[in-house]
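# Descriptive analysis of the structure
What follows is the residue order along each chain.
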Amino acid sequence: MCKVGVLNTPPLARKIITRVDLYRYLERSSSSLQHLNQIHAQMLVNGFNKETNDNSLTTKFITTLFSSGVPHLASLVFNQLESPNVFLWTCMIRGFSYSGGFKESILFYDRMRRQGVRPSNFSFPFALKSCAVVEALFEGEEIHADALRLGFVSDVFIQTALLDMYMKCSRIEAAEKVFDEMGERNVVSWTAIISGYCRFGLLEQAQELFEEMPTKNAVTWNVMIDGLARCGALEAARQLFDKMPVRNIVSWTTMICGYSRKGDMANARLLFDQMPEREVVAWTSLISGYAQNGEPGQAIKVFEMMLAAGMKPDGVTMLGVISAVSQLGSLHLCAWIEDCISRCGFEADVRILNAVINMYVQCGCIGRALRAFEKITEKDIVSYNSMITGCATHGYTNGALSVFSQMIKMEVKPNGITFAGLLTACAHGGLVEEGRRYFRRMFDLGHVKITAKHYACMVDLLGRAGHLEEAYEVVLGMPIKPEASTWGALLGACRMHGNLSLAEVAAQRLFEMEPENPGNYTILANMYMERRMWDAAMGVRQLMKGNQIYKTAGTSWVEVTD
DNA sequence: CTAGGGTTAG
């Protein structure tokens, strides 16, 4: 908290401070936290925060706290105010919306209403934006009701925010109703509804309005181009791109992403090279494009170009680069990435540190993955899950189990992915009793979403250990529809332990569910042949042929070197 | 010096 104790810090404290001075200090682009402390101290001492009819300085101060990335301090300052006016309330709603605290933003709107403060026309758009992002339809509807009650409903800004909120909450008809009832529409309203249609793949409706609307701006064109590209009409998107009057960075980036999503990195690169100016998002699009399309080496090359061009990568860029390095499996590059992360100041970004765990897991370096894991001070569920799954898939059974106990000790709630990892670990390590315990615990917890994958793990675990009947019972007792992988696990276990009668049952299901998979036929046919049951084996081969299935030749990903 | 709004890309 801002302590008045910092008051004796010169130079601010030396002379008499006026409101003007404080305004000027706040308008400086980068205020350090200490600097903000001093300003707050001055405000308290001079009583600038007490004036009930003019809170503008406090508003400005709180806004600065938000834009300095310390929303919790903004809350603290706000909570000390005696009777914040609607400006201050709006400032909180906006601040949280700006800094990603959408739930808090909605909560502040709610608090304001319960305090009996009447919102202003400025309160609505921010609150509605927050509802749109977290898809809080119920709260959005409440706010809509407020707007109706308080007579704000013909405000274009509010109407546009409403229609966008409804679209983002998948209420197309409600959005259309707002749009239809608008007395006055501008480019933004038209663009908002077109954007909504595009997100739902309703291209015809989008295009119709796009033609119909009186004036378009660059955003409108970009929305339409992106909509076409995402719906697979990349050619049409390109035509619009070529036709649009004034292209901006987003237009270029949208097209680059369109090509990249389609796997056409040649055209993506061509546009990237042609675009007049590039910033982080464009660079990142190209990098992730290469990474996602199996060209990790190119991704690294472009990243190096980006650094050489003096561009500063952000978190999303790093995620793309880390994905590329994960595919390359080079420990040398891993070390380089870790260096980049600390030099660019991403050491506190959990998402990135989690990606680093996965990177080392994919490189097969569980030791380093663990080291990266342990370095994370604020581990989240993804950190734990990555480590558990990583250990499990590499056969470090005890590692997986011990990370799980750490997770429980830290009171992080395990989810379905956690248990899939644990069951995989137990299957790998042959820990039948532990596996059964985790399986039961998963149900007992009550909140875990149990999928066919969990059952497949359990069947695999029991089956490998030779408990074939129990495995079969697990499948029969499934409350959800078994997937091919479930029966596949059972069939594999039957082959391993030579249980022909159960193998026939599993194979029968698999022939129905995935008749095109040659592996199932082969396993059963081989089991018959081992027992010299030639006719039965031939029968399976005939069935396979009848289903037009041919075994594909074995391939290896191991490179041949000389 | 005197507070703030709605649509687009990774």
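Refer to the structure above for everything that follows.
Below you will find a few notes about this structure. (Residues numbered from 1 in each chain as written. Chains lettered and ligands numbered in written order. Predicted model: local features only at pLDDT ≥ 70, side-chain atom pairs only at ≥ 80, totals over all residues. Heavy atoms only, no water.)

### Let's talk about helix α8 (residues 137-149)
Worth spelling out the cut-off: A run of H or I in DSSP becomes a helix once it reaches four residues, and a run of E becomes a strand once it reaches two; helices and strands are each numbered from the N terminus. Expected span, for any helix, means 1.5 Å times one less than how many residues it has. Partly exposed describes any residue whose relative accessible area lies between the buried limit of under 20% and the exposed limit of over 50%, with all areas from a 1.4 Å probe on protein chains only and scaled to the type maximum. We call two residues in contact whenever any of their non-hydrogen atoms come within 4.5 Å of each other.
Given a rise of 1.5 Å per residue, 13 residues ought to cover 18 Å, and the 18 Å separating the end C-alpha atoms of α8 matches this to within 8%. All buried positions along α8 are accounted for by L137, G140, I143, H144, D146 and A147. Contacts made by the buried residues of α8 are with α6 (102-114), α7 (123-134), α9 (156-168) and α10 (172-181). Positive backbone phi, approximately 75°, marks G151, located one or two places after α8.

### So, the protein's contact with DNA strand B
The cut-off we apply is this: Any residue with a heavy atom positioned within 4 Å of a molecule or strand is treated as near that molecule or strand. Under this definition, polar contacts are N or O atom pairs within 3.5 Å; protein pairs additionally need one hydrogen-donor-capable and one acceptor-capable atom, and for neighbouring residues in sequence, both atoms have to be side-chain atoms. Residue polarity follows a fixed list, in which Ala, Val, Leu, Ile, Met, Phe, Trp, Tyr, Cys and Pro are nonpolar, Asp, Glu, Lys and Arg are charged, and the others, Gly among them, are polar.
Residues in close proximity to DNA strand B total 45 residues, the closest being T59, F87, N186, N222 and R230. Of all DNA strand B atoms lying within 4 Å of any protein atom, the proportion belonging to sugar or phosphate reaches 30%. Here D155 contributes a side-chain N or O atom positioned 2.8 Å from a base nitrogen of DNA strand B. Between a base nitrogen of DNA strand B and a side-chain N or O atom of T160, the distance comes to 2.9 Å. For the surface near DNA strand B, the class distribution of residues is 16 nonpolar, 18 polar and eleven charged.

### Some words on the pattern of salt bridges
Applicable threshold: Between Lys or Arg on one side and Asp or Glu on the other, a salt bridge is scored when a side-chain nitrogen of the former is within 4 Å of a carboxyl oxygen of the latter.
Scanning all chains against the criterion turns up 15 salt bridges. Between D273 and R269 there is a salt bridge; the shortest N-O distance is 3.3 Å. Here D273 and its partner R269 are both found in helix α16 (residues 265-274), four residues apart, which amounts to about one turn of the helix. Using a relative accessible area of 19% as the deciding quantity, one classes R269 as buried. For the salt bridge of R436 with E470, the shortest nitrogen-to-oxygen distance reads 2.8 Å. Of the two residues, R436 is situated in helix α26 (residues 432-445) and E470 in helix α28 (residues 468-476); the sequence distance between them amounts to 34 residues. Taken together, the shared-partner salt bridges in this structure form one network comprising R113, D146 and R149.

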